[in-house]
Amino acid sequence: MKITNAEVFLTCPGRNFVILKIETDQGVVGYGDGTLNGREKPVVSCLQDCVIPMLIGMDPRRIEDVWQLLYRGAYWRGGPVAMSAIAAVDLALWDIKGKMAGMPVYDLLGGRSREKLQLYGHAAGRDIAATIDAVSAWIEQGYRTVRAQTGVPGLNTIYGVQSSSNPGIGSAPPRADLPPVHQWDSDAYLKVVPELFEQLALTFGDQARFLHDTHHRLRPIEAARLAKELEPFHLFWLEDVCRPELAERFRLIRSASTTPLALGEVFHTIQECQPYIEEGLIDFIRVAAIHAGGITHTRRIIDFSALHDVRIGLHGPPDVSPIGMAAQVHLGAWAPNFGVQEWAVFPASEMDDVFRHEHWIERGHVIPSEASGLGVTFNETNAKKHEFKRSYLGVNRLMDGTVWNY
Ligand code: EZ4
Ligand code: CO
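Each value, and the rule that gives it
Residues numbered from 1 in each chain as written. Chains lettered and ligands numbered in written order. Predicted model: local features only at pLDDT ≥ 70, side-chain atom pairs only at ≥ 80, totals over all residues. Heavy atoms only, no water. Donors = N, O, S within 2.8 Å, 3.2 Å for Na, K, Ca; no water. Tetrahedral: all angles 85-135°; square planar, octahedral: opposite > 155°, others 65-115°. Helix = DSSP H or I, 4+ residues; strand = E, 2+ residues; numbered from the N terminus. Buried < 20%, exposed > 50% of the residue type's maximum accessible area, 1.4 Å probe, protein only. Contact = heavy atoms within 4.5 Å. Polar contact = N/O pair within 3.5 Å; in protein donor to acceptor, adjacent residues only side chain to side chain. Near = heavy atom within 4 Å. Nonpolar A, V, L, I, M, F, W, Y, C, P; charged D, E, K, R; others polar. Axes fitted to C-alpha atoms, helices over the stretch in contact; angles between N-to-C directions. Left-handed = near helix turned anticlockwise from the far one by under 90°. Parallel < 35°, antiparallel > 145°, perpendicular 65-115°, else oblique. Pairing = 2+ DSSP bridges. Expected span 1.5 Å × (residues − 1). Salt bridge = Lys/Arg side-chain N within 4 Å of Asp/Glu carboxyl O.

Turning our attention to the coordination of the cobalt ion (ligand 2). Around the cobalt ion (ligand 2), the protein contributes the donor atoms Asp-213 (OD), Glu-239 (OE) and Glu-265 (OE), at 2.0 to 2.1 Å from the metal centre. Classification of the site at the cobalt ion (ligand 2) as irregular follows from its 6 donor atoms and the range of 23 to 175° in their angles at the metal. Read in sequence order, the donor residues for the cobalt ion (ligand 2) give the motif D-x25-E-x25-E. Within this pair, whereas Glu-239 is found in strand E8 (residues 237-239), its partner Glu-265 is found in the loop between strand E9 (261-263) and helix H9 (270-278), the two being separated by 26 residues in sequence. By relative accessible area, which is 10% here, Glu-265 ends up buried.

Here it is, written out as structure tokens:
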């Protein structure tokens, strides 16, 4: 069996996605996702200029060999662009294998460990009252785990709070085609967050467990303080309290409190995850299958985590396409150490034009389908109608203008 052709689709049905199609001489076709938010075109180039020429003629059944060839065989290992490109190939090959076998990918991984996967939704508001309203809406839909973010008094925007809920205070970029600029002040943030979770506990009691994303914005000593102050509210997790480059500094945060910690959405390899998992510095690993070398490599990270009693909560923001999300549904259906799955809600119509998935959502859970492969269909004609639009993540600056972690 041979790979005969591969094609990249850069489509924007509401937001940009990098989708790879792999065709075979037996007529079976697979689709993968290699979207890298704000850096989509470098992944397209990596696929078109470096990866696809190597794939043509290879046996699509040999997923491991293809993976090793693209990773080890490149000399330059890792990094977001290459690992997203490898992920796109890997997902497409698992899709092909599933379609050939007539099985969903989770069956190829070892079968389902559960009937349904618990999801969490994003609740955000300009202030605490607005966040409480947003949380109520998720609870009414049956969600029992909800991420809560709130605006910080005095800042123009905050990570996780949509500009639509920030009327009039926006985050205008210096030019419309440049990254939006946000303001940051750790002291103001540290003041409001414990207040938010106190109010949530008073309002909702045991109706839901809460998660919170600090988006790498604190220093370790500040992160330790936040984890300690949030301890009484029994969070499901506190995410990305600091940039993860220096694992040993997490010992301080870990020893300060029993607030569960999650991290890893910016990791691409098992080696980056290793010190955190091996030393028990985190409770949940957050890699995204589409940024960490696909199903093949993410499965290794999941197995390694299970060995150290770390659960998975794979990254599922709106910049992971339904194909990438489906891969995570299959991994989560199988993983013995599944924790929760982040679930982005897409603005319906344009997305449905392009992607149709077989799994379905019910009362805060995703139910995996029995469809073969990844179980997502991709409408190429419609994808071509939605043209790529350059877009960026925001840039953060401290109140004196210093660039800070976004
Ligand atoms: O900033 O997906 O937990 N989710 C997040 C996301 C990430 C974006 C990066 O592309 O932190 O909002
Ligand atoms: Co995050």
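Following the structure, the description resumes.
With respect to the secondary-structure elements, Thr-145 resides in strand E5 (residues 145-150). Look at Thr-145 and you get buried, because its relative accessible area is 1%. Thr-145 sits 90 residues away from Leu-235 along the chain, and the two C-alpha atoms are 9.7 Å apart. Apart from residues lying up to four places away in sequence, Thr-145 is in contact with Gln-118, Leu-119, Tyr-120, Gly-121, Arg-209, Leu-211, Phe-236 and Val-340. Here the side chain of Thr-145 touches Leu-119 through a polar contact of 2.7 Å, landing on its backbone oxygen.

As a structural note, the neighbourhood of ligand 1 is formed by 13 residues, with Asn-37, Tyr-159, His-215, Glu-265 and Asp-319 the closest of them. Contact between ligand 1 and His-215: an oxygen atom at 2.7 Å from a side-chain N or O atom of the residue. Arg-286 is positioned with one of its side-chain polar atoms (N or O) 3.0 Å from an oxygen atom of ligand 1. Across the shell around ligand 1, the residue classes tally to 3 nonpolar, 3 polar and 7 charged.

Helix-helix packing: each pair is described by the crossing angle between the helix axes and the interaxial distance. Contact geometry of helix H1 (residues 40-55) with helix H2 (residues 63-71) gives a least axis separation of 11 Å together with a crossing angle of 145°. Here H1 and H2 pass one another in a crossing that is right-handed. Touching Val-51, Met-54 and Leu-55 of H1 are Val-66, Leu-69 and Leu-70, all from H2. For the contact of H1 with H2, the per-class residue count stands at 6 nonpolar, no polar and no charged.

Before going further, it helps to spend a moment on the packing of helix H6 (residues 186-204) against helix H7 (residues 220-230). Running from amino to carboxyl end, H6 crosses H7 at an angle of 15°, the nearest separation of the two axes being 10 Å. Here H6 is positioned roughly parallel relative to H7, judged by the angle of their axes. The hand of the H6/H7 crossing is right-handed. Taken together, the residues of H7 that come into contact with H6 (itself represented by Ser-186, Tyr-189, Leu-190, Val-193, Pro-194 and Phe-197) are Glu-222, Arg-225, Leu-226, Glu-229 and Leu-230. Looking at side-chain class alone, the contact of H6 with H7 contains 7 nonpolar, 1 polar and 3 charged residues.

The next subject is the pairing of strand E1 (residues 3-11). Of the strand pairs in this sheet, E1 and strand E2 (residues 17-24) are connected by 8 bridges, and their pairing is antiparallel. Across the sheet, Val-8 pairs through a bridge with Leu-20, a residue of E2. Taking the residues that link successive antiparallel strands as the turn, the E1-E2 hairpin has 5 residues, and the phi of Gly-14 there is positive, at about 105°.

Within the chain, Tyr-75 stands out as a residue other than glycine whose phi angle is a positive 70°. The phi dihedral of Asp-309 is positive, around 60°, even though this residue is not glycine. Residue placement: Asp-309 occurs in the loop between helix H10 (294-307) and strand E11 (311-312).

Turning to H6, a few remarks are in order. Here H6 is 19 residues long and its end C-alpha atoms lie 27 Å apart, about the 27 Å a rise of 1.5 Å per residue gives. Ser-186, Ala-188, Tyr-189, Leu-190, Val-192, Val-193, Pro-194, Leu-196, Phe-197, Leu-200 and Phe-204 are the residues of H6 that are buried. Capping the start of H6, Asp-185 holds a side-chain oxygen 3.0 Å from the backbone nitrogen of Asp-187, two or three residues further along. Phi turns positive one or two residues past the end of H6, at Gly-205, with a value near 50°.

Turning our attention to the pattern of salt bridges. Any two side chains of opposite charge can pair, so long as their charged atoms come close to each other. Per the stated rule, a full pass over the model turns up 17 salt bridges. Across the pair Lys-99 and Asp-95 runs a salt bridge whose closest N-O atoms are separated by 2.9 Å. Taken together, the positions of Lys-99 and Asp-95, both in helix H3 (residues 80-101) and 4 residues apart, correspond to about one turn of that helix. Given a relative accessible area of 1%, Asp-95 falls into the buried group. Here Glu-115 ties to Arg-112 by a salt bridge, and the two come within 3.5 Å at their closest N and O atoms. Using a relative accessible area of 35% as the deciding quantity, one classes Arg-112 as partly exposed. Through salt bridges with shared partners, a single network forms among Glu-239, Glu-265, Arg-286 and Glu-342.

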